[in-house]
Amino acid sequence: MYYNWKEQTDTEELKIVCNLIRNGELVIFPTETVYGIGANALDPVAVGKIFIAKGRPSDNPLIVHLADRRKISEVADEITEMEQILIDNFMPGPFTIILKRKPIIPDIVTAGLDTVAVRIPQNIIAKGIITYAGVPVAAPSANISGKPSGTNIDDIRKELEGKVSAIVDGGETDIGIESTVVKVVNEVPIILRPGKITAEQIKEVAGDVKIDSKVFAKISSDEAVQSPGMKYKHYAPETKCQLVSYLNELDQIFYLKKLVKEYADNVVIIGFEEHEEKINLPYGKFLAISKKDDLEEYGKRIFSAIRYADSLKPNIILIEGVKRQGFGMAIMNRLLRTCEFNILE
Ligand code: AMP
Ligand code: MG
């Protein structure tokens, strides 16, 4: 079933959706980051359906979504002082923390790890569903495994229609990039996946922060990693993608133009409004998704733009990069994977 809650949540429909979750069915719903495909995290059979619908590898664990901070102690144990500081400062919000798990969380959710990833969304629809479902909700991004995350219902329907019991439409998601994932080791927060909550913000409250070395690195599939999701091909469409990220404006335009010629003008460029005229594509399409300095808008629209670019079936998709700082770190972490680490900079 499709439910349109773009204007407001329908309370009768909310009951139906929450019953579906309690009864072991899958529901797609919006969060402030991207859409999630959710199931009762305490029900291993229900969680198994997520892996099947997404084609997700079973060693890639899921984030458990809770209604509020008081629920954390129901799924996690031995919260340290630093973990509590992060929880108090960033939850609810686009922030996921890896904690020691309690046995109530089934193995299938954590891929057998002794930790559980916990998030408390602040999106009003997500919050409503998790609260009234009355159970923790395991919810990875709503997309086929390996593809860009779903940030609006049109994109999601093309991929997942018929694979879930309900789809809740809350419009385009606010942030468009998945949550920051942090693990605390020896009382120092380590960013395993950058997101809207930045390294700078974490450092401010924690005094220190580390970025996992895999955030910007290519990983071979048998390498041991802190966060299993890091090792998979990710956020990538069918069409080959190339990241172009020169800090110098003249270089940036020069190399984009050069690539346009190399690929016989049949390219789609995803980039900044200021560059559209300067590139002046003869045939291909320039998707100007934001102004050059508007990282928020760029991050919000990037996944949907990649999907649209892919649907045009060009010879290549050229994507303009951003500086790897602040929210830009999250954007570049995703784009490097989209482009399978093909970067000019
Ligand atoms: P997704 O649900 O697709 O947004 O991805 C969730 C991310 O969190 C993946 O990169 C997972 O590997 C990571 N994750 C989930 N649980 C854990 C855990 N217990 N330890 C480390 N990383 C985790
Ligand atoms: Mg995902």
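Residues numbered from 1 in each chain as written. Chains lettered and ligands numbered in written order. Predicted model: local features only at pLDDT ≥ 70, side-chain atom pairs only at ≥ 80, totals over all residues. Heavy atoms only, no water.

## Remarks on the site of ligand 1
Then comes step 1: Taken together, 16 residues sit near ligand 1, with Asn60, Thr115, Arg193, Ser227 and Gly229 positioned nearest.
Then comes step 2: One of the side-chain N or O atoms of Asn60 is found 2.9 Å from an oxygen atom in ligand 1.
Then comes step 3: In the model, a nitrogen atom of ligand 1 is placed 2.8 Å from a nitrogen or oxygen of the Ser227 side chain.
Then comes step 4: Protein contacts shield 96% of the accessible area of ligand 1, which totals 500 Å² for the unbound molecule.
Then comes step 5: For the shell around ligand 1, a count of residues per class yields eight nonpolar, six polar and two charged. (Near = heavy atom within 4 Å. Polar contact = N/O pair within 3.5 Å; in protein donor to acceptor, adjacent residues only side chain to side chain. Areas by Shrake-Rupley, 256 points an atom, 1.4 Å probe, with all protein chains shown as cover. Nonpolar A, V, L, I, M, F, W, Y, C, P; charged D, E, K, R; others polar.)

## A short note on the pairing of strand S14 (residues 267–272)
Then comes step 1: Here S14 lies mainly inside the structure; six of its six residues are buried.
Then comes step 2: Bridge analysis of S14 against strand S15 (residues 285–290) gives five bridges, and the strand direction is parallel. Looking across to S15, one finds that Val268 is bridged to Lys285.
Then comes step 3: Crossover connection from S14 via helix H10 (residues 273–279) to parallel S15: handedness right-handed. (Buried < 20%, exposed > 50% of the residue type's maximum accessible area, 1.4 Å probe, protein only. Helix = DSSP H or I, 4+ residues; strand = E, 2+ residues; numbered from the N terminus. Pairing = 2+ DSSP bridges. Right-handed = clockwise from strand over helix to strand, strands pointing away.)

## Observations concerning the pattern of salt bridges
When their charged atoms lie close together, side chains carrying opposite charge are able to pair.
Then comes step 1: Applying the stated criterion across every chain, the model contains 18 salt bridges.
Then comes step 2: Between Lys196 and Glu296 there is a salt bridge whose closest N-O contact spans 3.5 Å. Here the residue Lys196 occupies a position in the loop between strand S11 (188–193) and helix H8 (199–206), and Glu296 occupies one in helix H11 (residues 295–311), the gap between them amounting to 100 residues.
Then comes step 3: Taking the relative accessible area as the measure of exposure, Lys196 reaches 25% and is therefore partly exposed.
Then comes step 4: A salt bridge links Lys258 to Glu262; the shortest N-O distance between them is 4.0 Å. (Salt bridge = Lys/Arg side-chain N within 4 Å of Asp/Glu carboxyl O.)

## A few points about unusual backbone geometry
Then comes step 1: With an omega of 5 degrees, the peptide bond running from Met91 to Pro92 counts as cis.
Then comes step 2: Tracing the sequence through the fold places Pro92 in the loop between helix H4 (81–90) and strand S6 (95–101).
Then comes step 3: One non-glycine residue with positive phi stands out, namely Glu78, at about 50 degrees.
Then comes step 4: Its location among the elements puts Glu78 in the loop between strand S5 (76–77) and H4.
Then comes step 5: Residue Asp265 is not a glycine yet carries a positive backbone phi of 65 degrees.
Then comes step 6: Tracing the backbone shows Asp265 in the loop between helix H9 (249–262) and S14.

## Brief notes about the sheet that holds S14
Then comes step 1: An order of S15-S14-S16-S13-S17 is seen for the five strands of this open sheet, with the pairing classed as parallel. For this open sheet the edge positions go to S15 and strand S17 (343–344), each flanked by a neighbour on one side alone.

Note that all results are geometric; they support no functional claim without further evidence.
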